[in-house]
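# Fold and geometry: a report
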Amino acid sequence: MKKWFWLCIVCFLFSARVQASEKEEWIIQVRNESDMKYIHADVLDVIGTFAKVALTEEECEYVSRLPFVVRIEKNDRKRAATNDPLFVEQWSLPVIRWTFPSLTSTNHFIGKLMNVDGQMETYRGEAVNGEHIVFTMGEERVTRISVTLDHVEGPWRLEVKDSNGEILGENEGELQRLDVLIPCFSPTIHLHVIASDWQQAPRIIQMKAVNHVVVAVVDSGIVLHEDFGDHILYSLSVDYAEKKRYAEDTFGHGTHVTGILAAVGNNGKGIAGLLGDAPIDILPIKVLDRYGVGGDFEIAKGVKYALDHGASVINLSLAGQGETEVLRSVIAEAVKKGVHVVAAAGNSHMATTNVYPASYPGVITVAATNRQQAPLSISNYGWEVDVSAPGDFLWSTYISGYRTMRGTSMAAPHVSALLAVLRATYPEENAFQLRKRLWKTAKDVHWRGYDIYTGYGIIQWQEAIASSAPSGLDWLNVQSGQPLKRNETYVLGVSPQFIGMNGHMFVNGKLVHSFLIDEEMMSFRLFDLAQQQSDIAVVITDDQKRVVASDVRLVPIHATSFSDVNKTHWAYDAITQAKQRGMIRGYADGTFRPHVPLTRRQSIVMLYRLLSWEAPSVLRSPFVDVPLTSTDALAVVTAAEKGVVKGSGGRARLDEPLTRGQLALLLTRALQLDNEPIRSVYPFQDVTQRDVWLAVQLLAERGFIAKHAFFRPNDPVTRAEMCAILIRAAELIRQKSTKSA
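Residues numbered from 1 in each chain as written. Predicted model: local features only at pLDDT ≥ 70, side-chain atom pairs only at ≥ 80, totals over all residues. Heavy atoms only, no water.

### Description of the overall build of the protein
- Each helix and strand counted, the protein has 16 helices and 31 strands in total.
- Dimensions of the protein along its principal axes, counting C-alpha atoms only, are 100 × 80 × 50 Å.
- In the protein, buried positions account for 53% of the 741 residues.
- Considering only contacts in the protein between residues 6 or more positions apart, those separated by 24 or more positions represent 71%. (Helix = DSSP H or I, 4+ residues; strand = E, 2+ residues; numbered from the N terminus. Buried < 20%, exposed > 50% of the residue type's maximum accessible area, 1.4 Å probe, protein only. Contact = heavy atoms within 4.5 Å.)

### Focus: the sheet that holds strand 1 (residues 24–30)
- Read across the open sheet, the four strands follow the order 2-3-1-4; overall the sheet is antiparallel. Each edge of the open sheet is held by one strand with a lone partner, namely strand 2 (43–47) and strand 4 (69–74). Mean inter-strand twist for the sheet, computed between neighbouring axes without regard to direction, equals 25 degrees. (Pairing = 2+ DSSP bridges. Axes fitted to C-alpha atoms, helices over the stretch in contact; angles between N-to-C directions.)

### Quick look at the sheet that holds strand 17 (residues 313–316)
- Strand order in this open sheet of seven strands is 15-16-14-17-19-21-22, and the pairing throughout is parallel. The sheet is open, and its two borders are formed by strand 15 (238–239) and strand 22 (385–390), each paired with just one other strand.
- By the bridge criterion, two bridges tie strand 15 to strand 16 (residues 280–286) in an arrangement that is parallel. Counterpart to Asp 239 in the pairing with strand 16 is Lys 286.
- In the packing of helix 4 (residues 253–262) onto the sheet, contacts are made with strand 14 (213–219), strand 16 and strand 17, and the angle to strand 14 comes to roughly 155 degrees.

### Thoughts on the environment of Gly 268
- Among the secondary structure elements, Gly 268 is positioned in the loop between helix 4 and strand 16.
- We classify Gly 268 as partly exposed; its relative accessible area is 36%.
- Sequence separation of Gly 268 and Asp 84 is 184 residues, and the distance between their C-alpha atoms is 4.4 Å.
- Leave out the neighbours within four places in its chain, and Gly 268 touches Asn 83, Asp 84 and Pro 85.

### Quick look at the nonpolar core
- Ranked by size, the top nonpolar core spans 72 residues in total, and within it Ile 575, Ile 584, Leu 607 and Phe 704 carry the most contacts.
- For this core, the elements supplying multiple residues, two or more each, are strand 30 (536–541), helix 11 (572–580), helix 12 (600–611), helix 13 (633–641), helix 14 (660–670), helix 15 (690–701) and helix 16 (719–740).
- Considering each element in turn, this core owes the most residues, ten residues, to helix 16.
- With sequence-adjacent residues up to four places away left out, Phe 704 is seen in contact with Leu 667, Leu 671, Leu 699, Ile 725, Arg 728, Ala 729 and Leu 732. (Core = buried A, V, L, I, M, F, W, Y, C linked by side-chain atoms within 4.5 Å.)

### Notes on the packing of helix 14 against helix 15
- At a minimum axis distance of 9 Å, the contact between helix 14 and helix 15 shows a crossing angle of 65 degrees. With respect to their mutual orientation, helix 14 and helix 15 come out roughly perpendicular. For the pair helix 14 and helix 15, the crossing hand works out as left-handed. For the pair helix 14 and helix 15, the contacting residues are Gly 661, Ala 664, Leu 665, Leu 667 and Thr 668 in the first and Asp 691, Val 692, Ala 695, Val 696, Leu 698 and Leu 699 in the second.
- Here the contact of helix 14 with helix 15 is built from residues that sort into eight nonpolar, two polar and one charged. (Parallel < 35°, antiparallel > 145°, perpendicular 65-115°, else oblique. Left-handed = near helix turned anticlockwise from the far one by under 90°. Nonpolar A, V, L, I, M, F, W, Y, C, P; charged D, E, K, R; others polar.)

### Points about the side chain of Ser 467
- Along the polypeptide, Ser 467 turns up in the loop between helix 9 (461–466) and strand 25 (473–475).
- Among the polar contacts listed, one links the side chain of Ser 467 to the backbone oxygen of Ala 464, at a separation of 3.3 Å.
- The contacts of Ser 467, once residues within four sequence positions are left out, are Tyr 426, Arg 437 and Thr 441. (Polar contact = N/O pair within 3.5 Å; in protein donor to acceptor, adjacent residues only side chain to side chain.)

### Things to note about the packing of aromatic side chains
- Evaluation of the coordinates by the stated rule reveals 16 aromatic pairs.
- One aromatic cluster is present, formed by Trp 383, Trp 439, Tyr 450 and Tyr 456 through successive ring pairs.
- Note that Arg 593 overlies the ring of Tyr 587, its terminal NZ or CZ placed 3.7 Å from the centroid.
- Of note, Arg 660 hangs over the ring of Phe 711, and the distance from its end group to the ring centre comes to 4.5 Å. (Phe/Tyr/Trp six-rings, centres within 6.5 Å; stacked < 30°, edge-to-face > 60°. Lys NZ or Arg CZ within 6 Å of the ring centre and 35° of its normal.)

### So, the pattern of salt bridges
- For the structure shown, the criterion picks out 33 salt bridges.
- Where Glu 159 meets Arg 157, a salt bridge forms, and the shortest distance between an N and an O atom there is 2.9 Å.
- The closest approach of N and O atoms between Arg 406 and Asp 392, which form a salt bridge, is 2.9 Å. Taken as a pair, Arg 406 in the loop between strand 24 (402–405) and helix 7 (408–425) and Asp 392 in the loop between strand 22 and strand 23 (394–397) lie far apart in primary sequence, 14 residues in all.
- Exposure remark for Arg 406: the relative accessible area of 30% places this residue in the partly exposed category.
- Salt bridges sharing common partners tie together Arg 157, Glu 159, Lys 161, Glu 170 and Glu 172. (Salt bridge = Lys/Arg side-chain N within 4 Å of Asp/Glu carboxyl O.)

This is how it looks when you write it as structure tokens:
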């Protein structure tokens, strides 16, 4: 009776429980081995009184209360100390904060029922004699099937069909292993091994079915190096440069790039590739000859081949001057399909303006950095640069053995690898979201914020994988700070779920254009909407004006000083820092006017920039004197929603001077200090208004204002004084973020 009672309880907890989170591996310890019979569902393995199980956190909570369970704990994973001899020389890995991908490749044939020439059995990876093998896959999706034979006497053929006899994929060659890409789902898979005129029938020593992301390396091909595993689809490779059967590398460059991506880690040989054993395949496509040269026509054919064979990422570690319509059009096709095209910026230490494919819209252009995380001296630069990665004398595989190479060609595969792992980790996210993970998490180096030498910074592997999903809204050929060109067309990438919603374009916070989102890539002539230097924000709303996504690009920040602020000015350092951090802009005539009283409008905009506020949740102004079509309306609406700006009588009165008392209120609300306790009281004799008094006390305690007897709450705030306050606020924010980290 007791046995059946606990069996019922366990069955209920394991199978009937509504699962609110994904299953993870846990280790359950029971009191006696005989108790193991109660833990029968979702058990993966058993050692004595310990069982490895797959449970959700909710299930764990209940299972831990069972009387025969001693403990339940996470099945923490450990990594072997990598024994690759050149691993210690791979200085680039700590720079990008790389770790072995936690995702691993799985052979989906293992454990499946198969019919071998009419005989049913379960496949466990053993050798098989047969010409026709049928697998029942159920709901599992596979993208590639590989078959390896025990010997090769000549050409042989691998055909993969569905249950209706329709061809899913096929390949023919004289290699020991042939690969077939599977473009669509089939619950039943028929493998046909055809080896005509062989004296000895082939024996299948391995069959693999995987669901992998495909990275196409469009380069000089590869050699079958000792450090490459079975994720290299050599039998599907193609040669457009020297017209050989496979993409045999006679230059070495493609093999080096491929090694950075896919060299096998912890195998006692050479280096560790960035992809580890993640579910990612490499498709080699040769477009560069033995001298490392290839034409745009051949490169375009390579990109088209990659698209036709299901590549999700295309690595182009090549660059040169001049553009052609054939390459532009095929890259545009790739970007439109959501394929990541990653290109090297080039190694001529020149502007990328006329360097291609780096300058085509939608391409993710990669600059190179050195060991000091500074721009590599030979790396090209320009507004086309998106991110950067290490590229200075990196070890990798070569035609024979290993060698170092340097340049943006070596930086690009770092980005391709990260995008491929992101694609495998977050298959539900679209290309625009995955791109934004790179920008959002890059390590800012060289100049503050975006710069033309390193882009948004050096990619950060762990941060990109762990970050929350960004909105799928991204300009494909305009960066923060980029001057607008009169005749240039700028492309906005939009996630599919936003089709049919309303887009709103703001210039300097002023609504200048509303439009219906009717496609994933929308073109604009931004110069017609804005001056050459303007903040440009795009906000997407639904039918109730609720904001579902937003993107902000800032005007250029010039390094020159204000003409009316010299080094002897008391606030020179604060004004300089505020400008460098993008909090202030100054006037068109190059002045800052530090002694001019600050307006309420200016204070809100400065706080908006300091705190990098997202767009409001609803695109509607609460103030009658701030329509969305007025300058800085977006900042004001955002500040109002956050409770920073309250106004009076339904008006914001933006052009009135800001008093010191009003600044105290704005600042405590913006920094979310207004609900914190007051630990010390300072005798400001002229502050009588209760809310202002509380705000002044909070600011004085944190060193924002001097602890004098008089605060002068009704005096106006000057623009210089505001800069001093902003820098103190920035320091407080930095301290808080450091503590929370």
